[in-house]
Amino acid sequence: MAAAIETHDLTRRFGTLTAVDHLNLSVPEASIYGLLGPNGSGKSTAIRMLCGLLTPSEGTASVLGLSVPDQAEALRRKIGYMTQRFSLYEDLTVLENLSFMAEIQSLPRRERKGRIDSLLQVFDLGKQIRQRAGTMSGGQRQRLALAAATIHRPQLLFLDEPTSAVDPQSRRDFWETLFNLVDQGTTIVVSTHYMDEAERCHFLAILDRGMVAAQGAPRTLQEDIDATIVEVEAEQPNRTRKALLAVDGVFSVTQLGVRLRVLMNKSVTTPLVHVQSALKSRSPDARARLTTATLEDVFVAATQGRYRKQQRGPKQATPGARP
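None of these values were measured; they are calculated from a predicted model.

K.L.:
How should a nonpolar patch on the surface be read in this particular structure?
P.N.:
Together, Tyr89, Phe100 and Ile104 line one region of the surface with nonpolar side chains, adding up to about 270 Å² of accessible area. For tyrosine 89, the position within the fold is in the loop between strand 7 (79-82) and helix 3 (94-104).

Laid out in structure tokens, this is it:
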């Protein structure tokens, strides 16, 4: 599969802060590639460099066969960019915003009306054609922003946390639209901090403090997680959680109601026995079982687990671990 984007050690520094640290990505054509991470992980900075809006401090990037930022002007005609914050004119109507964007993107005049009419239908904005953007709902504004970003039929679409201010149904509808665009050959790079959205991507890069902590297809990441997951049910889950955090080999415990998801180092050869033994004295009512990983487990194992290991430093052998 051909790559729409290739980066090699792409880095961006702001003074002493390294926002993106030696980023290496290969984004396949006609796919949705997700950048998953919390605020401050470097997602937006990476996208701005790939769009040619920021000059890298180090490294190289090729986007649709063009070098950025050197060929950013030529690239601009081939990409669409939807920012996290609504960036259209709130005092203009839907039609006026789309007409303005058609002019900005140099869409031939003879094509503009037909293209705008098509977008109004695709994004269900026909009834809002005379409505000012500033009075629209979050979901309507989102659809308008995506329509504007795709008015010139870009080969590559960058979406920076596009669903942060919309309801769940609008998010579902939005993602259906994205898959339709991919079916038409568009490549999409989307940044998000929602795990359910990350699962919808064909490929993912998990960013942590500017670095890639893990990357690959979501299912592959879940199968190859560098941890063993034990699920525990307890009548007093918070007390049980605190007890499990003190157990050797455990580096994360997340509470979900009465359930606990326990992430353990893979070096523990008998994880279930190890947890059950710890619970026997601390929480005898608790029940434990091995389970499969979620994408949230992958994120925790790739980020939080790595830092906990660094903070703890060299350890004595864990009971039940390989020598």
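After presenting the structure, the write-up continues.
K.L.:
Looking at this structure, how should I read the sheet that holds strand 9 (residues 187-192)?
P.N.:
Strands pair in a sheet through their backbones, by hydrogen bonds, and they do so in one of two ways: parallel or antiparallel. Reading across from one edge, 7-8-9-4-10-11 is the order of the 6 strands in this open sheet, with mixed pairing throughout. Either end of the sheet is taken by a strand with one partner, and the two such strands are strand 7 and strand 11 (211-216). The average undirected angle you get between the axes of adjacent strands in this sheet is 15°. Looking at chain direction, strand 8 (residues 156-160) and strand 9 are connected through 5 bridges and run parallel. Following the sheet pairing, aspartate 160 is matched in strand 9 by serine 191.

K.L.:
Explanation requested: the pairing of strand 9 in the structure shown.
P.N.:
Across a regular strand the side chains alternate sides, sitting on one face of the sheet and then on the other. Most of strand 9 sits inside the fold, with 6 of its 6 residues counted as buried. The alternating pattern of strand 9 places Thr187, Val189 and Ser191 on one face and Ile188, Val190 and Thr192 on the opposite face, and all of these are buried. As judged from the 5 bridges shared by strand 4 (residues 32-36) and strand 9, these two strands associate in the parallel manner. The residue of strand 9 that forms the bridge with leucine 36 is threonine 192.

K.L.:
Would you mind going over the sheet that holds strand 12 (residues 228-233) with me for this structure?
P.N.:
With respect to topology, 4 strands assemble into an open sheet ordered 13-14-12-15, the strand pairing being antiparallel. Taken across any chain shown, the strands that pair with only one partner, and hence form the sheet edges, are strand 13 (250-256) and strand 15 (287-291). The sheet shows a mean angle of 25° between the axes of neighbouring strands, taken without regard to direction. Where strand 13 lies against strand 14 (residues 259-264), 6 bridges are found, and the strand directions are antiparallel. Paired with threonine 254 across the bridge in strand 14 is arginine 261. Where helix 10 (residues 271-282) meets the sheet, its contacts fall on strand 12, strand 14 and strand 15, and the angle it forms with strand 15 comes to roughly 160°.

K.L.:
It is not clear to me how the state of the cysteines should be interpreted in this structure. Could you clarify?
P.N.:
Each disulfide is one covalent bond, formed between the sulfur atoms of two cysteines. Under the definition given, this model contains 0 disulfides. Summary of cysteine pairing: cysteine 51 is not part of a disulfide, and the nearest cysteine sulfur, belonging to cysteine 201, is at 16 Å. Here cysteine 201 falls in the buried class, since its relative accessible area comes to 5%.

K.L.:
Would you explain helix 11 (residues 295-302) in this entry?
P.N.:
Think of an α-helix as turning once every 3.6 residues; residues three or four places apart then point the same way. By the criterion of burial, helix 11 is predominantly enclosed, with 7 of the 8 residues buried. Looking at helix 11, one finds that the buried residues are Leu295, Asp297, Val298, Phe299, Val300, Ala301 and Ala302.

K.L.:
Please explain the side chain of serine 252 as it appears in this structure.
P.N.:
Relative to the assigned elements, serine 252 resides in strand 13. For serine 252, the contacting residues outside a window of four places in its chain are Leu245, Arg261, Val262, Leu263, Val300 and Gln304.

Here is what the cut-offs are and how they apply
- Along every chain, residues carry numbers that run from 1 in the direction the sequence is written.
- Local features in this predicted model are restricted to residues of pLDDT 70 or higher, and side-chain atom pairs are both shown and tallied only at a pLDDT of 80 or more, whereas totals for entire chains, interfaces and linings draw on every residue.
- Heavy atoms from the whole structure form the basis of all side-chain values; hydrogens and water molecules are not counted.
- Two distance rules govern patches: like charges are joined within 9 Å, and nonpolar side chains (Val, Leu, Ile, Met, Phe, Trp, Tyr) within 5 Å, applied only to residues with over 30% relative accessible area and no salt bridge.
- Computed with the Shrake-Rupley method and a 1.4 Å probe, the accessible areas treat only the protein chains shown as cover for residues.
- Criterion for a salt bridge: a side-chain nitrogen of Lys or Arg within 4 Å of a carboxyl oxygen of Asp or Glu.
- Only runs of H or I of at least four residues qualify as helices and only runs of E of at least two qualify as strands under DSSP, and these elements are numbered from the N terminus.
- In this analysis, strands are considered paired if DSSP registers two or more bridges between them.
- Inter-axis angles, ranging from 0 to 180 degrees, are taken between N-to-C directions of lines fitted to C-alpha atoms, where helices are fitted over the stretch in contact.
- Accessible area is worked out with a 1.4 Å probe on protein chains only. A residue is then buried under 20% of its type maximum, exposed over 50%, and partly exposed in between.
- Only heavy atoms matter for contacts: two residues are in contact if any of them lie within 4.5 Å across the pair.
- Note on terminology: disulfide denotes any pair of cysteine sulfur atoms within 2.5 Å.

No statement about biological role is implied by the geometric values presented.
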